[in-house]
Each structure stands twice: as structure tokens, then as C-alpha cells.
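One-letter residues, chain by chain:
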Amino acid sequence: MMRLFLVVALLLATVPASAAGEVKNPGVYTYLTISDADSLDPAYSYDTASHMLGMNLYEPLFQFEKTSTSKLIPLIAAEVPSQENGGISPDGRTYAIPIRKGVRFHDGTPMTPEDVKWSIQRFILFDRAAGPSALLMEPLLGYASTRGEDGKILPDVWKDLQRAVSLQGDKLILRLPRPYAPLLTILASWAPVLPKAWAVQNGDWDGTEATWQKHNNPSKESSPFFERAMGTGPFKLERWDRKTKEFILARNELYWRAPAKLKNVVIKGVAEFGTRKLMLQAGDADAIYADRPLLTQLQGIPGVKVIDDLPTVEMSPVVFFTYQINAQGNSFLGSGKLDGKGIPADFFSDKDVRKAFAYAFDYKGFISDVMRGKGTQATGPIPKSLPGHNPKGRKYSLDMKKAEEHFRKAWGGKVWEQGFKFTIAFNTANLPRQTVCQILKRNVEGLNPKFKIDVRAVEWPTFLDNYKQSKLPIFVMGWNADYPDPHNFAFPMLHSKGDYPATQKFKNPEFDRLVEEANAETSASRRKDLYAKLQDLAFEEAPQLYIIDAVRYRTQREWVKGWYHNPIFPDSPYGSYFYPISKE
């Protein structure tokens, strides 16, 4: 079926673009990307492809005002609370948020404050491994997981949650154990409102203490929201064809604001860049995903606009080392032994191995040749658009002599003597990440003929499944901000409870202490110092390789109007908040 679509697409692409000024398929906006979504459940999904869809189908309490990363406007909330309007207590620990009236779900059912409370509680309690729940658990409960080191449910979770999230009339009341400045910006992207009654009818959590643990750390497919959607957003899900990676969204005619200008939005995963480009050229696509190396192939196309130098709040690509690889049924690590035909599961727990790889990467070459000079070398996990970034931080450079020195010391000399073989994976059609893998392969293999690395393209959902199960020895991914604060990079990338270290099986008490201390610090200068220490430690330990602080570009038809770039919005500048967009 996929092959058939591509043939049709290529035939369509031979048709000339519509005449100047004539809009093709008005009312239908088509975005071609490279990745399928992982899940449509907002409490489960934690990837940009899924989150972008969710932000068009569901609505959180607040929203960033157009391009701003600091000013909020109310969505499901009736107003943004502040100490000035009495919505935030003088000690910063209690929030009273009035809930908007007159909002309905896609099936016409009225949304209630109980739906809001239940949705936030569900978002926290589901707490799937390496998922998004910690974003609200930290500020509201004071800890980042519902489970202890032994995997068992902590005894006070339910009691703490009832203290933290409740209703008072039509107001949502949030009580924090301590002030947490970024809370409102987190609620501008996460824990959108779901329909409790619909969910319970379809087998989801019923909101009681007696049953919540059955839904803790669930499997992806067990949720009724996995491939269905029932939100309050400006678009509703008409169809998700998982075989062709195609979503069709329809305008929500019951939307509480004026209905969207677009009647339908089509989002389709097309791995081949040539097909995406030809469909854009023919006017059969309105915007496409395209990496930096492909920019020159998109410039000068009649009727197509390239918007460059768009700011980001992200760190991508990043190379991650898995300290304890899940060896069960795992073809990525070969024989599973240090015998020249594989690697042991704890291969990357040796710092010399990680440092050898760090010195074997050509950072300057990647930035100048692959990213066309658009960006600067990263000095740590915190991007330069945020406070806490240290422009003077230590950074690795290509040094093959040092790479060899570390390989010779690794595992008591056995790595150099025996050699190794394993596989690095990247998500299909992501050209920069593919290039990162190929640079590592070329340079590392050039040091010793006994070093062998295979590079394998993996479809996004499959890649995520392997990543979550810690089966990837090395993986190349990135981090886009969930909210604009350095903690949102320090925690998920370096704290043992964070998204990546939990998967990497990387844990260091000093990292945890610095992350927690910096987050609790109210002095900007002391906070900056703590983040500088944290990033210096990250250089020394090298659990991850940070490559570039980048800018991005967007390619769209000139008839697309109303689009704006907010670097916090998931998948921006490629994917979009479709509500303000029109074709004129």
C-alpha cells in the first residue's frame, strides 16, 4: 500500500504547480513529515510527532501567546493565575485556576472541572517508564516517580496527589510542597483535558484509589486513547492509517472559539525526501519536513517560501551511550561478548570507551558541512537560548590520537586487543542523525581494523520501542524543550530519574544533587554556577555527546497564511498549531 501511494505521489508530482495566485486544494492543509506517531495518549506520548498531533486535538490549561516563550493566554482555564489577581498565594505554593465554561468535547459532551482534575491526576498516576509524568509530579508531589528503586509503588502517592490536585467549586486547586516557578509554562503544553466519562466507558481509570495502580506504567496499546482521540481542540481525529502513516484531522465545528479556517489537515509520513519535495513543488503538499543538508534543493522553487534562521530551544542531535544494555533478544550488540564479534551489555559503562567515541567525532566538520555552518558547537546540554547555558564550557574536538589512547586503555586493554562489533540505530529519513552515525563509524573503524560498527535505519515507533527497552548500545536523538527553563534540559538528560538516563541506565549521585540543587535555587547567579558545575561534570563523564546549538528553517507554499514559529511548540517549525493557518 505504501509503495502504491508513492507511485501515485510521483505521478502527481509531474503535474505542474498551479498557476500563480491559484490555491490548490483550498481548505485542506497537507504536511509531509518523516515520522509516524507513537501514541495519541497525552499521558503516554513523549515524542514530538505524537505531541504535535495532541496539541491540535486536545487543549491544556494555557497556551503560549503566538511566538512568545514567556507570555501565556488561557485556554481551558478562564484566566492565567498570578499573585496580582489572587490566583497564586503569596507564598507561591497554592494556585486557584478558574475553569472555562461552555467548552465541549468532540462528541458534544460538555467539559467539566472534574474532567480537568481527573486528567491531571491521570497524567501523574499513569507514569509510564521514561514518560512525561515527571513534568508535573516534581512540582506537585515533590518527587519524580511513583515507583521506588525496587519498582514498587511508593506508599504516599495517592495521599500526596489528593493534597496536590483538587477542586473548589469551579476552580482547580493546586497545592505545591514548595514554590515552582515554571509550573504554569508546564501546564501550557502538558496534561491536556480528556473526557473522564468517555474514558471510563472505554476501560480507562475510573478515578478511584482502588484501581489506579492497575493503570500505572501501562503498555502503549492498553489505553483507549492510544489510537483514538476525544478532546476539546480545534481539530478532531477523523482517521489514523498506521499502514500508510497518515492522519486526517477534521475541523471541530463545536469548538468554543471560532472554528478553524482549515476544513481538514493531512499529516503523512513520507521517508523519501524526493517525494516530499516533488509534492511540495506540485502544490500537493503545503509544508514539508526537510533537514539542513537539503536546504539548497528547496531554494528557488516557484511558489515555495523558505523561512530560515528560526530560533530553537533544543539540543539535537545528541549521541547517547547505554551503560547497561538490555541483552534479551537483542541483535544490536552482536555476540554479547568482547570477542571481536559483539560487545558486552556493560560495554559503555567504561569511561574510556565513551571518551574514545567523544574524541572520534568531527564536530566542526559536521557543523560546517552537514549543517551548512548554521549553528555553533554545543558546550553542554543546556542550549544558549536559556539561562544556565555556559558559553565557556569545556567541549570535545576531533582528536584521533586521544581517541586511540582511550580505546587502548578501555577494559584493561581488551577492547584494542579483541576489537568489537555492534549496531548504531537512527530513525529512518533523519539525515543529520544518519550522518552522525556514519561519521562515528568511519572514524572509529579507521583506528583499528578489529573495530566494526553497523549503521541501521529504524522506523520511528520501532526505534522508540527499542530505546525504551534500553536495547540500543548507542542512539542518536535530541531534546526539544517541554517548557523554557534549564531544568527541562538538566533533569531529562542528566538526572537518574530523567527520561534519557533512565533508559541509558546511567546514574550518578553527584549529577542528581546538582540538578536538584539548581532547580531549588532562587538566586539566578548561584543557579548559573550550579549548572556550570553540572555541565563540566557532564564533559568529564561523557554520558552523552552534545554537538550543535542550531537554528532551523521551514519550507512552505506561499499561499500558507497565519503560520508562526514558537520554538516550544512540538515539531516546530515543521509541524504546526494548525488553528490560525489558512490558504489564501
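None of these values were measured; they are calculated from a predicted model.

Rules and cut-offs
- Residues numbered from 1 in each chain as written.
- Predicted model: local features only at pLDDT ≥ 70, side-chain atom pairs only at ≥ 80, totals over all residues.
- Heavy atoms only, no water.
- Phe/Tyr/Trp six-rings, centres within 6.5 Å; stacked < 30°, edge-to-face > 60°.
- Helix = DSSP H or I, 4+ residues; strand = E, 2+ residues; numbered from the N terminus.
- Buried < 20%, exposed > 50% of the residue type's maximum accessible area, 1.4 Å probe, protein only.
- Lys NZ or Arg CZ within 6 Å of the ring centre and 35° of its normal.
- Pairing = 2+ DSSP bridges.
- Core = buried A, V, L, I, M, F, W, Y, C linked by side-chain atoms within 4.5 Å.
- Contact = heavy atoms within 4.5 Å.

A few words on the packing of aromatic side chains. On inspection of all chains with the given rule, the structure shows 43 aromatic pairs. Centre to centre, the rings of Trp 158 and Trp 205 are 6.2 Å apart; their planes meet at 85°, and the pair counts as edge-to-face. Taken together, the residues span a long stretch of sequence, with Trp 158 in helix 5 (residues 157-164) and Trp 205 in the loop between helix 7 (196-201) and strand 7 (235-241) at a distance of 47 residues. The same class applies to Trp 158 as to Trp 205, namely buried. Relative to Phe 420, the ring of Phe 357 lies with its centre 6.4 Å away and its plane at 35°, an arrangement referred to as tilted. Pair noted here: Phe 357 is in helix 9 (residues 351-359) and Phe 420 is in strand 14 (residues 420-427), with a separation of 63 residues, a long-range link. Judged by relative accessible area, Phe 357 falls into the buried class, the value being 0%. One residue, Arg 122, lies across the ring of Phe 126, its end atom 4.0 Å from the ring centre. For the cation-ring pair, Arg 456 lies above Phe 332, with the distance from its terminal atom to the ring centre recorded as 4.6 Å.

A few words on the pairing of strand 12 (residues 314-321). Within strand 12, eight of the eight residues are buried, leaving the element largely enclosed by the surrounding structure. Taken together, the six bridges between strand 12 and strand 16 (residues 474-480) define a ladder with antiparallel strand orientation. Of the residues in strand 16, the one forming a bridge with Glu 314 is Asn 480. Examined bridge by bridge, strand 12 and strand 17 (residues 544-546) share three bridges and lie antiparallel to one another. Note on strand 17: the bridge partner recorded for Val 319 is Leu 545.

Spatially, the seven strands line up as an open sheet ordered 7-8-9-1-10-19-11, and their pairing is mixed. In this open sheet, the two strands that pair with only one neighbour each are strand 7 and strand 11 (304-310). Relative to strand 10 (residues 287-288), strand 1 (residues 28-33) runs parallel, the two being bridged by two bridges. In the sheet register, Tyr 31 faces strand 10, and the bridge partner there is Ala 287.

Let us now look at the nonpolar core. Membership of the largest hydrophobic core comes to 128 residues, with the highest contact counts inside it found for Leu 61, Ile 120, Leu 136, Leu 174 and Phe 578. Of the residues forming this core, the biggest block, seven residues, is contributed by helix 3 (residues 113-126). Those residues in contact with Leu 61 that lie beyond four places of it in its chain are Pro 74, Leu 75, Ile 76, Ala 77, Ile 97, Ile 99, Val 116, Ile 120, Leu 172 and Leu 187. Counting 47 residues, the second largest nonpolar core, distinct from the first, contains Ile 343, Ile 367, Phe 539 and Ala 550.

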